[in-house]
Amino acid sequence: QVQLVESGGGLVQTGGSLRLSCAASRSIFGFNVMGWYRQAPGKQRELVASITTGGSTNYADSVKGRFTISKDNAKNTVPLQMNSLKPDDTAVYYCWVYTLGNNYWGQGTQVTVSS
(Lines give C-alpha, C1' and ligand atoms only; values in the text may rest on other atoms or scores of the structure.)
Protein backbone atom coordinates (compact mmCIF):
# COMPACT_ATOMS: atom_id res chain seq x y z
CA GLN A 1 0.00 0.00 0.00
CA VAL A 2 1.06 3.55 -0.71
CA GLN A 3 -0.51 6.67 0.75
CA LEU A 4 -0.07 9.90 -1.17
CA VAL A 5 -0.65 13.37 0.23
CA GLU A 6 -0.72 16.43 -2.01
CA SER A 7 -0.06 20.00 -0.95
CA GLY A 8 0.53 23.40 -2.50
CA GLY A 9 -2.74 24.10 -4.26
CA GLY A 10 -4.53 27.41 -4.04
CA LEU A 11 -5.75 30.50 -5.86
CA VAL A 12 -3.45 32.35 -8.24
CA GLN A 13 -3.84 34.97 -10.95
CA THR A 14 -3.24 34.31 -14.64
CA GLY A 15 0.48 34.22 -15.31
CA GLY A 16 1.33 33.23 -11.77
CA SER A 17 3.08 30.15 -10.40
CA LEU A 18 2.35 27.38 -7.95
CA ARG A 19 4.39 24.45 -6.74
CA LEU A 20 2.54 21.28 -5.87
CA SER A 21 4.12 18.52 -3.86
CA CYS A 22 3.20 14.89 -3.36
CA ALA A 23 4.52 13.05 -0.33
CA ALA A 24 4.54 9.25 -0.39
CA SER A 25 4.23 7.07 2.71
CA ARG A 26 7.24 5.00 1.74
CA SER A 27 10.29 5.06 -0.47
CA ILE A 28 9.57 6.08 -4.07
CA PHE A 29 12.87 4.70 -5.31
CA GLY A 30 11.36 1.60 -6.93
CA PHE A 31 8.09 3.06 -8.21
CA ASN A 32 7.65 2.46 -11.93
CA VAL A 33 5.96 5.76 -12.70
CA MET A 34 4.80 8.74 -10.68
CA GLY A 35 2.85 11.68 -11.91
CA TRP A 36 0.08 14.20 -11.71
CA TYR A 37 -3.40 14.06 -13.15
CA ARG A 38 -6.00 16.79 -13.09
CA GLN A 39 -9.76 16.93 -13.41
CA ALA A 40 -11.74 20.05 -14.20
CA PRO A 41 -15.51 20.26 -13.59
CA GLY A 42 -17.41 18.34 -16.27
CA LYS A 43 -14.23 16.96 -17.82
CA GLN A 44 -12.40 13.66 -17.70
CA ARG A 45 -9.32 13.21 -15.61
CA GLU A 46 -6.20 13.81 -17.72
CA LEU A 47 -2.53 13.07 -17.26
CA VAL A 48 -0.57 16.29 -16.81
CA ALA A 49 2.96 15.02 -16.25
CA SER A 50 4.76 11.83 -15.33
CA ILE A 51 8.24 10.70 -14.39
CA THR A 52 9.67 7.19 -14.48
CA THR A 53 12.01 5.48 -12.08
CA GLY A 54 14.81 6.33 -14.51
CA GLY A 55 13.87 10.00 -14.57
CA SER A 56 12.23 10.16 -18.00
CA THR A 57 9.46 12.73 -18.12
CA ASN A 58 6.31 13.14 -20.17
CA TYR A 59 3.94 16.11 -20.38
CA ALA A 60 0.54 16.87 -21.81
CA ASP A 61 0.83 19.17 -24.81
CA SER A 62 -1.18 21.82 -22.99
CA VAL A 63 1.46 22.21 -20.25
CA LYS A 64 4.73 21.65 -22.12
CA GLY A 65 7.17 24.43 -21.46
CA ARG A 66 5.20 25.64 -18.43
CA PHE A 67 5.14 22.73 -15.98
CA THR A 68 8.09 20.75 -14.66
CA ILE A 69 7.88 17.46 -12.79
CA SER A 70 10.71 16.11 -10.68
CA LYS A 71 11.26 13.68 -7.85
CA ASP A 72 13.26 13.66 -4.67
CA ASN A 73 14.11 10.10 -3.68
CA ALA A 74 15.59 11.24 -0.38
CA LYS A 75 12.39 13.01 0.69
CA ASN A 76 9.98 10.65 -1.11
CA THR A 77 8.29 13.56 -2.84
CA VAL A 78 7.26 14.44 -6.39
CA PRO A 79 6.98 18.18 -6.96
CA LEU A 80 5.17 19.78 -9.86
CA GLN A 81 6.31 23.31 -10.66
CA MET A 82 3.62 25.19 -12.56
CA ASN A 83 4.47 28.49 -14.24
CA SER A 84 2.57 30.84 -16.54
CA LEU A 85 -0.71 29.51 -15.24
CA LYS A 86 -3.88 29.98 -17.25
CA PRO A 87 -7.56 29.79 -16.29
CA ASP A 88 -7.74 26.49 -18.24
CA ASP A 89 -5.34 25.01 -15.67
CA THR A 90 -8.06 25.28 -13.02
CA ALA A 91 -8.76 21.78 -11.73
CA VAL A 92 -8.28 19.36 -8.89
CA TYR A 93 -4.78 17.94 -9.19
CA TYR A 94 -4.13 14.34 -8.11
CA CYS A 95 -0.86 12.66 -7.39
CA TRP A 96 -0.55 9.19 -8.96
CA VAL A 97 1.78 6.25 -8.60
CA TYR A 98 1.96 3.06 -10.63
CA THR A 99 4.00 0.29 -9.06
CA LEU A 100 3.93 -3.49 -8.97
CA GLY A 101 0.79 -3.56 -11.11
CA ASN A 102 -1.20 -1.21 -8.89
CA ASN A 103 -2.37 2.37 -9.20
CA TYR A 104 -2.48 4.68 -6.18
CA TRP A 105 -4.04 8.13 -5.91
CA GLY A 106 -3.90 11.02 -3.52
CA GLN A 107 -6.96 12.87 -2.32
CA GLY A 108 -6.39 15.83 -4.63
CA THR A 109 -5.59 19.51 -4.23
CA GLN A 110 -7.54 22.36 -5.81
CA VAL A 111 -5.80 24.78 -8.16
CA THR A 112 -7.77 27.82 -9.24
CA VAL A 113 -6.42 30.34 -11.74
CA SER A 114 -8.33 33.61 -11.93
CA SER A 115 -8.47 35.69 -15.09
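Before reading further, recall that the structure is shown in the block above.
Summarised in this report is the structure supplied together with it.

1. Focus on the overall build of the protein chain
Across its full length, the protein chain carries zero helices and eleven strands. Taking 115 residues into account, the globule formula puts the C-alpha radius of gyration at 13 Å, and the protein chain, at 13 Å, falls close to it. If you line up the protein chain on its principal axes, its C-alpha atoms span 40 × 25 × 25 Å. Across the 115 residues in the protein chain, those meeting the buried criterion constitute 43%. Considering only contacts in the protein chain between residues 6 or more positions apart, those separated by 24 or more positions represent 53%. Approximately 6000 Å² of the protein chain is accessible, and the part contributed by carbon and sulfur atoms is 48%. The positive charge centre, built from 10 side chains, and the negative charge centre, built from 6, are 4 Å apart in the protein chain.

2. Points about the environment of Thr109
Tracing the backbone shows Thr109 in strand S11 (residues 109-114). The buried category is assigned to Thr109, whose relative accessible area is 11%. Measuring from C-alpha to C-alpha, the distance between Thr109 and Lys75 comes to 20 Å, with 34 residues separating the pair along the chain. Here Gly9 takes part through its backbone nitrogen, which lies 3.3 Å from a polar atom of the side chain of Thr109.

3. What to know about the sheet that holds strand S8 (residues 80-82)
Pairing is antiparallel across the open sheet formed by four strands, whose spatial order is S1-S3-S8-S7. Here the strands that pair on one side only, and so sit at the sheet edges, are strand S1 (4-7) and strand S7 (67-69). Ignoring which end each strand starts from, the neighbouring axes of this sheet average 15° apart. As judged from the three bridges shared by S7 and S8, these two strands associate in the antiparallel manner.

4. A word on the pattern of salt bridges
What the rule picks out here adds up to four salt bridges. Glu46 is paired through a salt bridge with Arg38; the nearest N and O atoms lie 2.7 Å apart. Classification of Glu46 by relative accessible area gives partly exposed; the value is 32%. The buried category is assigned to Arg38, whose relative accessible area is 6%. Taking the shortest distance from any N to any O, the salt bridge between Asp61 and Lys64 comes out at 3.1 Å. It is possible to trace a salt-bridge network through shared partners that takes in Arg38, Glu46, Arg66 and Asp89.

5. Let's talk about the environment of Gln1
Looking at the element boundaries, Gln1 is found in the segment before S1. Residue Gln1 is classed as exposed on the basis of its relative accessible area, which comes to 70%. For Gln1 and Phe29, which are 28 residues apart along the polypeptide, the C-alpha to C-alpha distance reads 15 Å.

6. Here's the deal with the state of the cysteines
Applying the stated rule across the entire model yields one disulfide. Note on cysteine connectivity: Cys22 is disulfide-linked to Cys95, with sulfurs 2.0 Å apart. Around the S-S axis, the bridge from Cys22 to Cys95 shows a dihedral of about -80° and counts as left-handed. Separated by 73 residues along the polypeptide, Cys22 in strand S3 (residues 18-24) and Cys95 in strand S9 (residues 91-99) bring together distant segments of the chain. We note that Cys22, like Cys95, is buried.

Analysis parameters
- Residues numbered from 1 in each chain as written.
- Predicted model: local features only at pLDDT ≥ 70, side-chain atom pairs only at ≥ 80, totals over all residues.
- Heavy atoms only, no water.
- Helix = DSSP H or I, 4+ residues; strand = E, 2+ residues; numbered from the N terminus.
- Rg over C-alpha atoms; globule rule 2.2 N^0.38 Å.
- Buried < 20%, exposed > 50% of the residue type's maximum accessible area, 1.4 Å probe, protein only.
- Contact = heavy atoms within 4.5 Å.
- Areas by Shrake-Rupley, 256 points an atom, 1.4 Å probe, with all protein chains shown as cover.
- Lys, Arg positive; Asp, Glu negative; His and termini not counted.
- Charge placed at Lys NZ, Arg CZ, Asp CG, Glu CD.
- Polar contact = N/O pair within 3.5 Å; in protein donor to acceptor, adjacent residues only side chain to side chain.
- Pairing = 2+ DSSP bridges.
- Axes fitted to C-alpha atoms, helices over the stretch in contact; angles between N-to-C directions.
- Salt bridge = Lys/Arg side-chain N within 4 Å of Asp/Glu carboxyl O.
- Disulfide = S-S within 2.5 Å.

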